[in-house]
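A look at the structure
Residues per chain are reported as follows:
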Amino acid sequence: MTKNLLKIALSLPLLTSCVSTIDQTIPLSNEFQTSSTVIILDNPSFRIPDSVYNNDLGIYSVVNAETSWKSSQKNLVDRKKDISFINYILFDDALSFISAEYEVDDTQRFSFTLQQNNENVSISKCEIFSQSLTKETEANDIEFSSPSSHSSHNTRLKTYLVCAITHNQKLWQLTLKSYQNQTTIVQVKSDDRSYQVEDISQNVSLVKKGDIIEQRHSAPWRSLSSGLEFFDNKEQVGALSFVGKPKIWLKNDLPDQTKQLLVSINYSLTMFNWLDSDWR
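Scope of this entry: the structure provided in the associated data block.

Rules behind the numbers
- Residues numbered from 1 in each chain as written.
- Predicted model: local features only at pLDDT ≥ 70, side-chain atom pairs only at ≥ 80, totals over all residues.
- Heavy atoms only, no water.
- Helix = DSSP H or I, 4+ residues; strand = E, 2+ residues; numbered from the N terminus.
- Buried < 20%, exposed > 50% of the residue type's maximum accessible area, 1.4 Å probe, protein only.
- Contact = heavy atoms within 4.5 Å.
- Areas by Shrake-Rupley, 256 points an atom, 1.4 Å probe, with all protein chains shown as cover.
- Pairing = 2+ DSSP bridges.
- Axes fitted to C-alpha atoms, helices over the stretch in contact; angles between N-to-C directions.
- Disulfide = S-S within 2.5 Å.
- Core = buried A, V, L, I, M, F, W, Y, C linked by side-chain atoms within 4.5 Å.

**Description of the overall build of the protein chain**
- Helices and strands together make up the secondary structure of the protein chain, namely 4 helices and 16 strands.
- Counting every position in the protein chain, which comprises 280 residues, the buried fraction comes to 41%.
- If you take every contact in the protein chain between residues at least 6 apart in sequence, the share linking residues at least 24 apart comes to 62%.
- Taken as a whole, the protein chain presents about 16800 Å² of accessible surface, with 50% of it coming from carbon and sulfur.

Okay, structure coming up:
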């Protein structure tokens, strides 16, 4: 019995080594995928310089990408001091703990130009607003006047993205609102037209087992705001995956100008996710 258990234990690493996750994506209907073209991007390894956001997207190119430094404003919400003589005497623990809560408001801007055949087709200018609750705890003891330890914990409360996209001499507005534990709301509209956008909270892992690639759904709590689907009069025209390598799907039979607009919209959202991944 012991020998059999030992053989099983030794064989487990060999079995698990044959299975590997090669990417993540969002679930889409087979009908949409077969009638669409997907653009797959590589996540940038660094956040600077701004040129890391210039990309080739098939027949399109992103140029003149620019980002601003993130500006922050910190406001004290609450401050408490707890003293524990018993823990200090019995367990040599810190004598006092000072806890402070802050609301932190961050702002960052970014922009880029989309080209096709070396000609400018759209310009996107965006701004990210976010609010977080930061709790800082400082431990102090008697022997040292300076703090003995310090810890900090951040909780994102809400995020707001607004983009002005100029395309074909028309101004489009892209907005995204994300609140803690709530469905993300995205709107795309101009003066006379709009697209419907639905949030996807499902995540699919692409797992390679030998020569076979399988799709496995992830746990729901790991799949919040995994991607978006775009509709025009209830017909799906595009999709975006935030998870794994970013992916942009475009319906094949769309007019060229519609594809250009959707690429600008989706790259704005992708760049937003790169700059501020805490929103999800």
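Alright, that's what it looks like, and here's the rest.
**A short note on the sheet that holds strand β1 (residues 19–25)**
- The strand order across the open sheet formed by 3 strands is β1-β12-β13, and the pairing between neighbours is antiparallel. Of all strands in the sheet, those with a lone pairing partner are β1 and β13 (212–217), marking the two edges. In this sheet, adjacent strand axes meet at a mean angle of 30 degrees when their direction is disregarded.

**Quick notes on the state of the cysteines**
- One pass over the structure, following the stated rule, counts 1 disulfide.
- What pairs with C126 in a disulfide is C163, and their sulfur atoms sit 2.1 Å apart. Across the disulfide from C126 to C163, rotation about the S-S bond amounts to roughly 115 degrees, and the bridge is consequently right-handed. Here C163 lies in strand β8 (residues 149–167) and C126 lies in strand β7 (residues 119–140), a separation of 37 residues in the sequence.
- Residue classification places C163 among the buried residues on the basis of a relative accessible area of 2%.

**Observations regarding the nonpolar core**
- L57, L161, F230, Y267 and L269 are the most contacted members of the largest nonpolar core, which has 42 residues in total.
- Setting aside chain neighbours within four positions, we find Y267 in contact with L41, Y53, N55, L57, V62, F112, I248 and W274.
- Within the second largest apolar cluster, 7 residues are counted, among which are I26, L28, I200 and V243.

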